[in-house]
Amino acid sequence: MTGPTREATADLITLPGTPLADAVMDLIRPVETPSVFNHSIRSYLFARLAAGRLGLAVGHDYHDDLLFAACAMHDLGVASDGPHSQRFEVEGADRAAAFLIDRGVPAAEADQVWQAIALHTSPGIAERRGTLCVLVREGVALDFGGPLGAGHIDAITDEQANAVHTAYPRLDMVRSLTDAIVAQAAKNPTNAPRYAIPGEFLRERETFGRTRLEHACRSSRWGD
């Protein structure tokens, strides 16, 4: 089997390159670990693949800048410069929406991004809150290789996955991201409510030394 053409690979990993997307990159790159940063960008690339799989067209069914913004900033709640005073999903959603509004994005569109980020760890809810929520949830799940329930993991070819991972290596993402979520959760009890992802991650790490998600991801498609 021949691999993808250079043009196809370039198209697969090309980012929007708009002023808004560039501003988002400038925001997250200095304050996220390289591992979390790469995860955020891969989530966008996988979400875009999922959109095609679902028959969703950019410019008609979703706005590419908003998809990029929501995916790229979905873990902004664990950024090193954050206040860390709420559960990380909500803190990230608040920061992202404020950032977008400050740059002239209409409030209704900023709210779509807020919902997509705030709900990205909420299966069964995110899927009921519109296309952007669906795509962000799907992109994040795909980057976990299956344990989060990605419905289209088998639709990603090895060639596509290799191109994405070559451009944005995993760098022990699951452990690194879990470390960041647990550290943020441990700073304040309000950051770690029971039965929410940050609270459960914190308690599982304290009790077992490792979360169930970390264990599951070791046998995921991406193997971390």
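These numbers were taken from a predicted model, which means no experiment stands behind them.

**Q** Which residues make up helix α9 (residues 173-186), and what are the values?
**A** In this model, α9 (14 residues) spans 20 Å end to end at C-alpha, consistent with the 20 Å of a helix rising 1.5 Å per residue. Of all the residues in α9, the buried ones are Met173, Val174, Ser176, Leu177, Thr178, Ile181, Val182, Gln184 and Ala185. The inward-facing, buried residues of α9 abut α3 (34-53), α5 (88-102), α7 (131-143), α10 (197-208) and α11 (212-217).

**Q** Kindly report on the side chain of Arg170, identifying the contributing residues and their values.
**A** Secondary-structure assignment places Arg170 in the loop between α8 (158-167) and α9. Among the polar contacts made by the side chain of Arg170, one reaches the main-chain carbonyl oxygen of Asp143 at a distance of 2.5 Å. Side-chain polar atoms of Arg170 contact the side chain of His165, separated by 2.9 Å. Sequence-distant contacts of Arg170, that is, excluding residues within four places in its chain, are made with Ser35, Arg42, Asp143, Phe144, His165, Trp222 and Asp224.

**Q** How would you explain the pattern of salt bridges if you had to name every residue and give the values?
**A** Between side chains of opposite charge, a pair can form as their charged atoms come close. Taken as a whole and assessed by the stated rule, the structure comprises 14 salt bridges. With its nearest N and O atoms 2.8 Å apart, the salt bridge here joins Arg221 to Asp158. Of this pair, Arg221 sits in the segment after α11 while Asp158 is found in helix α8, placing the two residues 63 residues apart along the sequence. The class of Arg221 is partly exposed, set by a relative accessible area of 31%. For the salt bridge of Glu214 with Arg205, the shortest nitrogen-to-oxygen distance reads 3.0 Å. Put simply, Asp172, Arg175, Asp179, Arg205 and Glu214 are held in one network by salt bridges that share partners.

**Q** Could you give an account of α5, naming the residues involved and the relevant values?
**A** The terminal C-alpha atoms of α5 lie 21 Å apart, and with 15 residues this matches the ideal 21 Å at 1.5 Å per residue to within 8%. Within α5 the residues assigned to the buried category are Phe88, Glu89, Glu91, Gly92, Ala93, Ala96, Ala97, Phe99 and Leu100. Buried residues along α5 sit against α2 (19-28), α4 (64-72), α6 (107-118), α9 and α10. Positive backbone phi, at 85 degrees, marks Gly104, one or two positions downstream of α5.

Rules used throughout
- Residues numbered from 1 in each chain as written.
- Predicted model: local features only at pLDDT ≥ 70, side-chain atom pairs only at ≥ 80, totals over all residues.
- Heavy atoms only, no water.
- Helix = DSSP H or I, 4+ residues; strand = E, 2+ residues; numbered from the N terminus.
- Expected span 1.5 Å × (residues − 1).
- Buried < 20%, exposed > 50% of the residue type's maximum accessible area, 1.4 Å probe, protein only.
- Contact = heavy atoms within 4.5 Å.
- Polar contact = N/O pair within 3.5 Å; in protein donor to acceptor, adjacent residues only side chain to side chain.
- Salt bridge = Lys/Arg side-chain N within 4 Å of Asp/Glu carboxyl O.

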